[in-house]
Amino acid sequence: MFDLQQQPRSAPAPDGHRDFPLQIYTLGRFSVTHGVEPIRFARKAQRRPLQLLKALIALGGRAVGTDRLGMALWPELEGDMAYNAFEITLHRLRRLIGVDRALVLRDGLLTLDNRRCWVDVWAFEQTASRTEALLNSPAPNPDELDSMSSRVVALYHGHFLGRETPEPWSISLRERLRSKFLRHLVDIARYWERIGRHEAAVQCYQKGLEVDDLAEIFYQQLMICYQQLGRKSEALAVYRRCRRTLSLILSITPSPATEAIRRCLTQV
């Protein structure tokens, strides 16, 4: 798995993010930068305003109903009490981030202004979608594809909100981003295989195992790539890792498809 806490709080990211007054990092960790300096938060006093910011991003970041945010953060409160708690928390959050008009409340809908705020989740999804479109074009340019895929990987430092205990409102986005990243790795790796760039495919499958070491597809394709590269011992080492991991964590054995690749490797 990614060592989510080892990522630098102000790690560089693509897409001109430094042009925005506010930069919000949520993939693999949570950090907010105003200008070029990370904002330092007192853990207890500012917990609720930061929860509001996280929930807003998790629920889409744009035109999110105050009632929906209230239910997410104050499920025990009803009506005016929930809205009063929301108003107080929003006021504290605005003071905390210090960017004028970054949070726009209009007609009961709260929006994080994308003209003033750069959010890594948004950049990741946009870049992944552009890469997918290029990959599905009639004749993708390998160099351009390599550059865009590298940006996708650079943006995905880890799961949404890192090692924080998942909240009910964060789980859907966390799983969607994780699935999108893994799908990206499989799709781009298979393209590299088709054009004979097996080393590049190996890197993608290895990255996939860092995110999900229970996904047999990554073991299987990694074994095949090593076979294509004439690196049989490494392919068999991948099989042994797969068998050990599945046994220890799930108490199961590799699938028939994985075993078939292993038999192919051991044939004289």
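Source: prediction; values computed, not measured.

Below, the discussion takes up the pairing of strand S6 (residues 109–112). Residues Leu110 and Leu112 point to one face of S6 and are all buried, whereas Leu109 and Thr111, pointing to the other face, are not buried. One ladder, built from 2 bridges, connects strand S4 (residues 64–65) with S6; its direction is antiparallel. Of the residues in S6, the one forming a bridge with Val64 is Leu110. Across 4 bridges, strand S5 (residues 103–106) lies against S6 in antiparallel orientation. Pairing of Leu105 across the sheet is with Leu110, part of S6. The turn joining S5 and S6, which pair antiparallel and follow one another in sequence, is formed by 2 residues; a positive phi near 55° is taken by Asp107.

A cluster of nonpolar side chains, Leu214, Leu248, Ile249, Leu250 and Ile252, forms an exposed patch at the surface whose accessible area comes to about 450 Å². Residue classification places Leu250 among the partly exposed positions, given a relative accessible area of 41%.

The next point concerns the packing of helix H1 (residues 47–58) against helix H6 (residues 168–194). Running from N to C, H1 and H6 cross one another at 45°; their axes reach a closest spacing of 9 Å. Here H6 runs oblique to H1, going by the angle between their axes. Of the two possible hands of crossing, H1 and H6 adopt the one that is left-handed. Packed against H1, whose contacting residues are Gln51, Lys54, Ala55, Ile57 and Ala58, the element H6 presents Trp169, Ser170 and Leu173 at the interface. In terms of residue class, the contact of H1 with H6 is built from 5 nonpolar, 2 polar and 1 charged.

This brings us to helix H3 (residues 79–97). Helix length check: H3 (19 residues) gives 27 Å between terminal C-alpha atoms against 27 Å at 1.5 Å per residue, within 8%. If you check which residues of H3 are buried, you get Ala82, Ala85, Phe86, Thr89, Leu90, Leu93, Leu96 and Ile97. Mapping the buried residues of H3 onto a view down its axis gives an arc of 135°, with all of them on the same face. Away from the buried face of H3 by more than 90 degrees, exposed residues Asp80, Met81, Ile88 and Arg95 are located. For H3, the secondary structure elements touched by its buried residues are strand S1 (22–25), strand S2 (31–34), H1, helix H2 (66–73), S5 and S6. Downstream of H3 by a residue or two, Gly98 has a phi angle that is positive, lying close to 70°.

Parameters at a glance
- Residues numbered from 1 in each chain as written.
- Predicted model: local features only at pLDDT ≥ 70, side-chain atom pairs only at ≥ 80, totals over all residues.
- Heavy atoms only, no water.
- Buried < 20%, exposed > 50% of the residue type's maximum accessible area, 1.4 Å probe, protein only.
- Helix = DSSP H or I, 4+ residues; strand = E, 2+ residues; numbered from the N terminus.
- Pairing = 2+ DSSP bridges.
- Patch = residues over 30% accessible without salt bridge, like charges linked within 9 Å, V, L, I, M, F, W, Y side chains within 5 Å.
- Areas by Shrake-Rupley, 256 points an atom, 1.4 Å probe, with all protein chains shown as cover.
- Salt bridge = Lys/Arg side-chain N within 4 Å of Asp/Glu carboxyl O.
- Axes fitted to C-alpha atoms, helices over the stretch in contact; angles between N-to-C directions.
- Parallel < 35°, antiparallel > 145°, perpendicular 65-115°, else oblique.
- Left-handed = near helix turned anticlockwise from the far one by under 90°.
- Contact = heavy atoms within 4.5 Å.
- Nonpolar A, V, L, I, M, F, W, Y, C, P; charged D, E, K, R; others polar.
- Expected span 1.5 Å × (residues − 1).
- Arc of directions from axis to C-beta.

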